[in-house]
Every structure is written in C-alpha cells, then in structure tokens.
Amino acid sequence: MTTPQATVRRKVQRTFTVNGDVEEVSFLPHKTLLEVLREDMHLTGTKHGCELGECGTCTVLMNGEPVLSCLVLGLACEGADIETVEGMAGPDGPHPLQKTFASIGAAQCGYCTPGFLLTAKALVEWNSNPDRETLKEELSGVLCRCTGYLQIFQAVEEACVEIRGEGETK
Amino acid sequence: MSLDRVDGLDKLSGKSAFVDDLTVPGCLFGGTIRSPVARGRIRKIHFSTAVDWSDFVIVDHRDIPGSNEVALIESDQPALASTNVRHLHEPVLLLAHSKLHRLREGLRSIRVEIEAAPPLFDVEAQPTKEMLQHGSDNVFKRIDIRKGDPASVFAKASRVIEGTYRTGSQEHVYLETQGMIAHQEGETLVVRGSMQCPYYILDALTIAFDRPKERFRVIQCPLGGGFGGKEEYPSVVAIHAALLAEKAGRPVKIIYDRQEDMAVTTKRHPSRVRHRTAVDDDGIILAMEIDILFDGGAYVTLSPVVLSRGTLHATGPYRCDHVHVHGEAKLTNSPPYGAFRGFGAPQTLFAIERHMDVIARDLGLDPGELRRRNLLCQGDTLATGQKVQDGVDLTALLARGEELAGVSLATQEYAAFNRSHPYLRRGVGRATFYHGAGFTGSGETHLASEVWVEGLADGRVRLLTAQTDMGQGTMTILAQIAGETLSVDPRSIEVVTPDTSLVPNSGPTVASRTAMVVGKLIEDGCRELQRILDSGSGPPSGKDFQNALELHHRENPGDLLRVSRSYQTPPGQNWDEVSYQGDAYACYSWAAHLAHVEVDLRTFQVRVTDYVALQEVGRVLNEVLARGQIQGGVAQGLGWTLLEEVILENGAMKNHQMMNYIIPGSGDLSPIRVFFEEIPSPSGPGGAKGIGELPLDGPAPAIINAVCHALSASIREIPLTPEVLMEFLGGKE
Ligand code: FES
Ligand code: FES
C-alpha cells in the first residue's frame, strides 16, 4: 500500500558546471543527469532513445569524457563539468564538427546527432587524426538508424582537417 | 548540386524541438493499458484499491465520441478494445496524470481480465473454424496478376525449378520513439507530434470523434526517423492523446518508451514466397508461378497495399511472357504489421533474386550470365503489361556493377582462397531490381494531391505541402526544386512545416513519392507563377522573377499570390485495379547491388567486406542527400539480412530492447560504395525519380547470394544470424 507520505518527494540541490556556467540546480534525487538536463534545466538538445544505456543518443561530456546521461545520477554530478550540444558552438560560431556534419549530410533526422557530436568532440581533442578503425571503435557506442554512419565518419575526418589546420587553439 | 540541408544547423545545435522537447504548461502525461493476452474477450478491468484514482484521467472505449476505429483502409481496428482483443498489447484503456511517477504507478495497478481464446500465430497454417476472425478465410487481401498462359507452358516444360523463400519481420528502431501532444484550443483539438502523414491523422480523428475536419489541427514536429513506422501507427497515438486531452480538459502528452514502442508498434510483414519457374536449357525463363503470403497481423491496416507492392515487384526485372503471381495477406494474432521502407517489395525481391541464383546453380550457369539472358529490355512488358520505356539498359547497368565490384577477379581469387583457408570463406553476390516510384496503380489519381506555391511581397517564394521531413531532406529538396525552376537561390524559398490548418493535402510522405510526385507539382506551380508574372517578355526567372514579384505586390497590395496545383494522371497512364493490368507505377528506379562477404566458420559470422550500390534514379537532385539515402537504406537492409531478428512470444516482439534486437552499429558496416546512372525521367521534377525505398531492396539478396557463393550452399531464409547459420551448416552434414 502506497501511503501518501511515501510519495512525498523532496528536491536536492547540487552545483555543477554546464557548458561553462556554474549552476545550482535543484532536482528530485532519483533523477538521472538526462532528466535533470532536460526537465530541470530545459536543455532539451540532449535526446534519449532508450534510457537503458543501449543507444548512446543521450551522450554528454562529463569532465571531458563521454558518458551516457541516462545512466548517470544527477546526484553524482556535484562539482562536475558537463558539456552538452548547446555548448558546442564557440564565440566565433559553430564548432568545426557542427559545420562538417551539416555540409556532409551526417545529420539526417538529427536525433542521434548530439550524441555523435559530443563523442566525436572528446575523440578529436585527444586524437585529431584518427584513422577509420579508430573512428568506428570510438563512435561505436552511439547508434544511428538513418545514415549508415559513413557520412558521420567523413564529417569527423573533415572536421579534423580544420582542427589540425587551425593549430591547437583549444 | 548539393544544397546543404535547410534545417541543418538547428539539428546540430540542439535547437530542433522534437515532440518530447516541448513543454506545455499544465500538461498531463498519458499512458496505455494493454491486453495481456493475444486473443480473447474482456471480462473485467480491475483497479487496485491501493491507488487513489481520484486524480487520474481514465478513458475507455465508451469515451469515444464517434466511431471506435483507427480509420485507414478498413474500419476493423478499434481505437480502444471494447469487448474482444485480437493481439497482445492491444490498447484497452488510457490513463493520464500530472506526475509521471504516479502515471507509472497507475499503469502497474490495473489488470485487464480476459477470457482467453486460442490465438493463431502460424500464418501458413490452414485456419480451423474457431481460428476464423476475418471474413470466411482470414484473408485481408488477395491479388492475382496474370500474363499469357503459364499453365500450358509448365505442362510442356522440360525443366521446372522450385524454391521457397522466407523473410522475417523487422522493427523500425527510429531513434525517436512515438509521441504526441494533444490540447484543446477553443473549439479545436490540436494534435502535434512525430508523424509522416498529418492528413492520415486528421482523417482518423474526424471519424473517431465524429466531427468535421475544421475542428482539428494536426501539426508535424521534426521527426527523429520514420522509415514507414510513422506512417499509420501515429494515428493510434494521436487518437489516444486527443481522447485523454478532451476528457481532462488539459493538454496531454504521450511518449512511448523504447520497450513499449518496440513491443507494440507496427513492423515489416514477415513473408513466405514460393517460386516455380520453367526454363529452357539456355536458362531463358519461359514461365513463372509465384505464390506470396504475408503475415498481416491482427487488423487490416495497410496490408492490402503492402501486398500490392509486393506482388508488383515479385517477378523482378526479368522478361517473361507467361506469369501468374498470386498474393495473400492473412490475419494472425500478432500486433498489426505495417509500412516499412520498401513496403512489401524487399520481401518479394529477396525471393526472386535468391531464386535466380538457385536457377543459375541448377543450370551450371554464372548467376550474372543468367540474369543477362533474362533482363528486361526497352519495350518489353512487365507482368501487368506495362511497357518498360525509361531508357535504362539493365544489362549495361549490371555489367558496370560487376566491374565496379571487381566480380570476375574476385571469383577466381575466392575459389583459390576457399580451397586453402581453414575456416574463412569468401563470396560475391549480386541483385538486380527495380522499385516503382509513387503510389501504386491509381493511388495518385485517387489521392489528387494538392500543393500551393505563394509569391511573397519581399520577392521570396513560399511552398505549402503536407510533406514531412523525417531525415531524408524533404524541405531541402523541395526548396531546391523551386529554386532551380525559378533560377533563384533555394535559400529564398520558404518551406512551411506541415500543419493541416495551413497546408493543403499533398498526400502522405511515403512510397518514394515526395521528390517525384510532389516535387513535380511544385515545379509546375513555380512555372505557373512565372506565367502569371510574365509581362510580355517571357516568363521571368532569377532576379527578374523577384523584381516582377515585388512589382506585382506594389501594384496589388495585399494580394495573396497563390498558385494551386493538383495531381493529374499523366496522359496514357492506365491502370485496372480489378485485373491488375496496366501501368502500375508512373516510373521505376533500377539498380544493381553487389556484395562481397567473408564467412567465419568458427563463429558463423558473416562480414560484408565491400558493397557496391549502383542505381538509376533519374537525375540526382542533391548528391549528398541521395548518397545518404542509399547508404542508410543499405545499412537497414544489411541489418534485416544478418542481424535483426524479431523474436515473437504470444505473437508480439519479445526482444523489445536495443540490447537484444541488434541494429547495425558503426563497426558492423563495410564501405558502402554508391554510384548513380542518370537518365532524366519525364515523370519527376528536373528529371528525378523516387529514391528512398530502393536501397532497402538490394542488400538481402545480394548478401545472401554472396554467402551462398562462399559456402556453395542454398540458404533461403533471413535473417541469417550466426545461430541460424550454425544450425544450417550443422544440418548439412
Ligand atoms: S538514452 Fe539510450 S543510452 Fe541513454
Ligand atoms: S540521423 Fe537519424 S538516427 Fe542518426
């Protein structure tokens, strides 16, 4: 029997950095990072395809590493540095990956795209010249049903050209 | 030319708002209570006394103001089951609550008690009397296509080759699950969500609510993938959300979670196709008898038209004067099967293309050579009597495909390799096929699609259609067609997002019809606009067009310069729905696909090592988008062939999770090399034809033919998972 008391839920407050801004967020303690981002912070750029850790759609960066935001509890993010697709563009416009994803057709329906962009961003930051095998391996956690992946690989490779060409500004 | 997607940057910055990204003030969350058994009579619905139900909104069939049906081709599918259920997970009751966790608690706390009846799961079995649930024989649709006199040819034939081929179901796995939001706006019920066909939903709502169209407004949100899965099914979700919203007097959002979506929504029709073919000693096909059976699931939905496309593609692109194709779609107590990219053609093309290799093997002929001897030439007729006249040279197409794939060298190398390697086997396979573009037969004529083209005061042009962009780039393509026709920058063309209160009914976004059929209407509409603006020196284009447009508005302030264009059946195109004779499609796209595979006899895994997709799709409008369509379609086809196995339990998908239903990941795919032949077609805008579904047709036969080549085997069923292959090879010894 569910007593009314048992369903009373109290929010908790945590502080973490999201796309460069330090935020104090209050949310229900059972919520995942995905839910906190989408529901409590209205950052709906992060999508979900399963909420079971199987599709990679919800990938964001946590302290620079890709994580499945549907598997990370909001509680575990205290002090963390979170980056979502909303934070990818810099002051001088879209990130090179965003530009090449657009020009090479790597986003068809675009639903998987945020997950790919962030996973690829983490990758190109430590390796701006990945070969195809590395790319396949590193992006294998994110599923896409539209593209067949080839235009995604190509877009990452093209972006790397720009990233290498610009020198290590980031 | 490759214009970048018009909706590109929004999708890349997280700004595109999909239906679940929308927050509506005061919105309730809706959910569905479903049948726990595959067939039976509803006895009672038990509400747990442990739950306080006072703040739930509860809807059952008695709350439906109009007819309790999800109106489509027939009226047999109820929106909410009232007395009987015909499949597991059939919707019975709807709940809504302002708190998601309370909704979930509510969904767990209702039990539907059903007096079970024996379910029918085997579509191939002859139904006993108590299994009859549709008409006198459970057959949803029966189609016969006849040409010549096959019986007399078979009677005399010295060689008759037979084969039976089966294909499994396939789940769409669009990354964004089904979802709708409904709310009341004055007298109007507004429904927005993830959908391919806003006007299907509008029609279904008017019938379920028994209200005129004007009382509804259906708005399309950006789609996170469709592939046919958001053709007819969204009508169910839309009716449910609208019923809840009306009863609640508040907005209601229904979003399926992945497991619900995979378990309950439509999938590709499973098929069984039998071939009997009479050939002479040179491998010339003399007569064909093809018997097709599709599992339609529990309600009619779109099965008749899926079957229709299946039968019309069943003979493959081969010349034959004596043909009988017989097709049936029949009932089982599975959730209804439905539209899926390819729409019945991938199933029958798998059968004929596999069968061609079986015939070649029987005759000791090279499979490429057998095809060359039988491929359609210009002026030949299809089974329906339709004349092939698009100017394509299929023999040359196949030859080019074989050359691109390096077939002759590979064949020699693989023979040596396979003799010497302890556990790896390599092979190459091919498939030649076609795909009819647009609706079948008189479908386009009945549909009478309408588009509007508006010339705006600022010199821009606005396109109004019901066409949805599910990722294939509809908006971009339509803007590009208008831009090219008027010689203006496509970025100055505004494409309105479908909203039934704003756009005319230009038909559903299915059947590879958007670019070709709707694009053609846009092209015509733009031309008409040019004629209107012609001040005597000829139809203006480019800068002149924009100037003329601005001038027109200065001279006629406030004028709505709108051109309407409706589909007209092209002269000379005839189709007889009863005899299935005539021009089944306005035109066809053609293709030769070739696959190289490597089979590991230790793990029974099949790896596609190279894939060549060569197609003739008329003029390619946008190379980047076209390439993306082909690669994505091939990837889905590869999944259907080797990875994706829908396991049924009580008729419904048991492995309804991405963990155990495997779609291709980035590591599963080889290079997919895409090539085009371009023969401008008179049917489409700027010479374009349909493209979206074609790539799904090739992978299954090309890959399985390659596996059979590698193993000298004759596999006749997909999916060919490692488990199936292991069993197959084990059984051979
Ligand atoms: S939503 Fe699928 S992995 Fe998180
Ligand atoms: S672009 Fe649609 S799922 Fe990747």
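Definitions and limits used
- Residues numbered from 1 in each chain as written.
- Chains lettered and ligands numbered in written order.
- Predicted model: local features only at pLDDT ≥ 70, side-chain atom pairs only at ≥ 80, totals over all residues.
- Heavy atoms only, no water.
- Pairing = 2+ DSSP bridges.
- Helix = DSSP H or I, 4+ residues; strand = E, 2+ residues; numbered from the N terminus.
- Buried < 20%, exposed > 50% of the residue type's maximum accessible area, 1.4 Å probe, protein only.
- Contact = heavy atoms within 4.5 Å.
- Polar contact = N/O pair within 3.5 Å; in protein donor to acceptor, adjacent residues only side chain to side chain.
- 1 Å grid on protein atoms, 1.4 Å probe; cavity = no way out; pocket = protein on both sides within 12 Å on 5 of 7 lines; lining within 4 Å.
- Points joined across faces, edges and corners; volume = space filled by probe spheres on them.
- Nonpolar A, V, L, I, M, F, W, Y, C, P; charged D, E, K, R; others polar.
- Salt bridge = Lys/Arg side-chain N within 4 Å of Asp/Glu carboxyl O.
- Buried area = accessible area lost by both parts, 1.4 Å probe.
- Expected span 1.5 Å × (residues − 1).
- Axes fitted to C-alpha atoms, helices over the stretch in contact; angles between N-to-C directions.
- Parallel < 35°, antiparallel > 145°, perpendicular 65-115°, else oblique.
- Left-handed = near helix turned anticlockwise from the far one by under 90°.
- Domains from an automatic or database assignment.

**Student:** Can you walk me through the sheet that holds strand β14 (residues 285-297) of chain B in this structure?
**Tutor:** Residue and element names in this part refer to chain B. Pairing is mixed across the open sheet formed by six strands, whose spatial order is β7-β15-β14-β13-β8-β28. This sheet does not close on itself; its edge strands, each paired only once, are β7 (139-147) and β28 (717-718). Bridge count between strand β8 (residues 159-167) and β28: two bridges; the pairing is parallel. When the sheet's bridge partners are listed, Arg166 is paired in β28 with Glu717.

**Student:** Can you help me understand the side chain of Gln178(B) in this one?
**Tutor:** All names here are of chain B. Structurally, Gln178 can be placed in the loop between β8 and β9 (179-185). A relative accessible area of 1% means that Gln178 is categorised as buried. Setting aside chain neighbours within four positions, we find Gln178 in contact with Gly229, Lys230, Tyr233, Pro234, Val237, Ile254, Ile255, Tyr256, Asp261 and Thr265.

**Student:** Please clarify how the side chain of His326(B) should be interpreted in this entry.
**Tutor:** Residues and elements named next belong to chain B. Within the element layout of this structure, His326 appears in strand β15 (residues 323-331). Among the polar contacts listed, one links the side chain of His326 to the side chain of Glu328, at a separation of 3.0 Å. Aside from chain neighbours lying at most four places away, what touches His326 is Arg142, Ile143, Asp144, Ile290, Asp291 and Ile292.

**Student:** For this particular structure, what's the right way to read empty space enclosed by the protein?
**Tutor:** Left-over empty space is what a probe sized like a water molecule reveals as it rolls over the atoms. All names here are of chain B. Following the criterion strictly, the structure yields 10 cavities of 30 Å³ or more and no others. In this structure, the largest cavity occupies an estimated 570 Å³ of space. Taken together, 39 residues make up the lining of the largest cavity; nearest its centre are Gln472, Ser512, Gln629, Ile691 and Gly692. Sorting the residues of the lining of the largest cavity by element identifies α13 (474-486), α14 (514-532) and α16 (623-643) as the ones contributing at least two each. Broken down by element, the residue count for the lining of the largest cavity peaks at four residues, all from α16. A class-by-class count of the residues in the lining of the largest cavity yields 17 nonpolar, 16 polar and six charged.

**Student:** How should the pattern of salt bridges be read in this particular structure?
**Tutor:** Two side chains bearing opposite charge may form a pair once their charged atoms approach each other closely. Enumeration according to the criterion identifies 65 salt bridges over all chains in this entry. A salt bridge links Lys31(A) to Asp40(A), with the nearest nitrogen and oxygen atoms 3.1 Å apart. Here Asp40(A) falls in the partly exposed class, since its relative accessible area comes to 22%. Beyond isolated ion pairs, a larger network of salt bridges with shared partners links Glu454(B), Asp458(B), Arg460(B), Arg462(B), Glu494(B) and Arg562(B).

**Student:** I keep staring at the interface of chain A and chain B and nothing clicks. Help me out?
**Tutor:** Reports of interface size often rely on the accessible area that becomes lost once the parts have come together. The interface of chain A with chain B comprises 44 residues on the first partner and 49 residues on the second. Summing both partners gives a buried area of about 3800 Å² for chain A against chain B, and 57% of it is carried by carbon and sulfur. Linking chain A to chain B there are four salt bridges. Here Arg38(A) makes a salt bridge to Asp20(B), at a shortest N to O gap of 3.5 Å. Where chain A packs against chain B, one counts 24 residue pairs in polar contact (both at pLDDT 80 or more). Elements that contribute at least two residues to the side of chain A that touches chain B include exactly α3 (96-104), α4 (113-126) and α6 (150-165) of chain A.

**Student:** Help me understand α13(B), please; the structure alone is not making it clear to me.
**Tutor:** Count 3.6 residues to each turn of an α-helix, and residues three or four apart come out pointing the same way. All names here are of chain B. An ideal rise of 1.5 Å per residue puts 18 Å on 13 residues; α13 measures up with 18 Å between its terminal C-alpha atoms. A large share of α13 lies buried, amounting to 12 of its 13 residues. Those residues of α13 that fall on the buried side of the exposure criterion are Thr474, Met475, Thr476, Ile477, Leu478, Ala479, Gln480, Ile481, Ala482, Gly483, Thr485 and Leu486. Looking at the buried positions of α13, the neighbouring elements they touch are β18 (461-464), β19 (493-495), α14, α15 (542-555) and α16. Among the residues trailing α13, Ser487 stands out with phi positive, at a value near 55°.

**Student:** Looking at this model, I keep getting lost on the packing of α3(A) against α6(A). Mind explaining?
**Tutor:** Geometry of a packed helix pair, given as the angle between the helix axes and the separation of the axes. Residues and elements named next belong to chain A. Orientation of α3 relative to α6, taken along the N-to-C sense of each, is 135°, at an axis distance of 8 Å. One element, α3, and the other, α6, form an angle in the oblique class. The two elements α3 and α6 cross, and the hand of that crossing is right-handed. In contact with Pro96, Leu97, Lys99, Thr100, Phe101 and Ile104 of α3, α6 contributes Gln151, Ile152, Gln154, Ala155, Val156, Glu158, Ala159, Glu162 and Ile163. Taken together, the residues of the contact of α3 with α6 sort by class into nine nonpolar, three polar and three charged.

**Student:** Can you help me understand the domain arrangement of chain B in this one?
**Tutor:** Residues and elements named next belong to chain B. Along its sequence, chain B is carved into domain 1 (8-117 + 172-264), domain 2 (271-439 + 580-729) and domain 3 (443-566). In this structure, domain 1 and domain 3 have C-alpha centres spaced 34 Å apart. With both sides pooled, the region where domain 1 packs onto domain 3 buries about 1300 Å², and carbon together with sulfur makes up 55% of that total. If you sort the residues of domain 1 by the area they bury against domain 3, Gln196, Tyr199 and Gln220 come out on top, with a joint share of 46%. Counting across the interface, domain 1 meets domain 3 through one salt bridge. A salt bridge links Arg217 to Asp499, with the shortest nitrogen-to-oxygen separation between them at 2.6 Å. Viewed at the interface, domain 3 and domain 1 are joined by seven residue pairs in polar contact (both at pLDDT 80 or more). Elements supplying a minimum of two residues to the side of domain 1 that touches domain 3: α4 (198-209) and β11 (216-220). Here the side of domain 1 that touches domain 3 takes five residues from β11, the largest share from any one element. Tallied by class, the residues present in the side of domain 1 that touches domain 3 amount to 11 nonpolar, four polar and three charged.

**Student:** How do you make sense of the pairing of strand β2 (residues 21-27) of chain A when you look at a structure like this?
**Tutor:** In summary, the side chains of a regular strand alternate between the two faces of the sheet. Residue and element names in this part refer to chain A. As defined by bridge partners, strand β1 (residues 12-18) adjoins β2 across seven bridges and the pair is classed as antiparallel. Paired with Thr17 across the strands is Val22, a residue of β2. The hairpin formed by β1 and β2 contains two residues between the paired strands, and Asn19 there has a positive phi angle of roughly 50°.

**Student:** I'm lost on the domain arrangement of chain A in this one. Help?
**Tutor:** All names here are of chain A. For chain A, the assigned domains are domain 1 (12-86) and domain 2 (96-163). Domain 1 and domain 2 are separated by 21 Å when their C-alpha centres are compared. Taken together, the contact pairs 15 residues of domain 1 with 13 residues of domain 2. Summing the contributions of domain 1 and of domain 2, the shared interface buries around 1100 Å²; its carbon and sulfur component is 63%.

**Student:** Mind showing me how you'd approach the packing of α16(B) against helix α18 (residues 699-711) of chain B here?
**Tutor:** Residues and elements named next belong to chain B. Interaxial distance between α16 and α18 falls to 8 Å at its minimum, and their mutual angle equals 55°. With respect to α18, the axis of α16 lies oblique. The crossing of α16 and α18 is right-handed. Across the interface between the two elements, Val634, Gly637, Leu638, Trp640, Thr641 and Leu642 of α16 pack against Pro699, Ala700, Ile703 and Ile704 of α18. Among the residues making up the contact of α16 with α18, the classes are represented as eight nonpolar, two polar and no charged.

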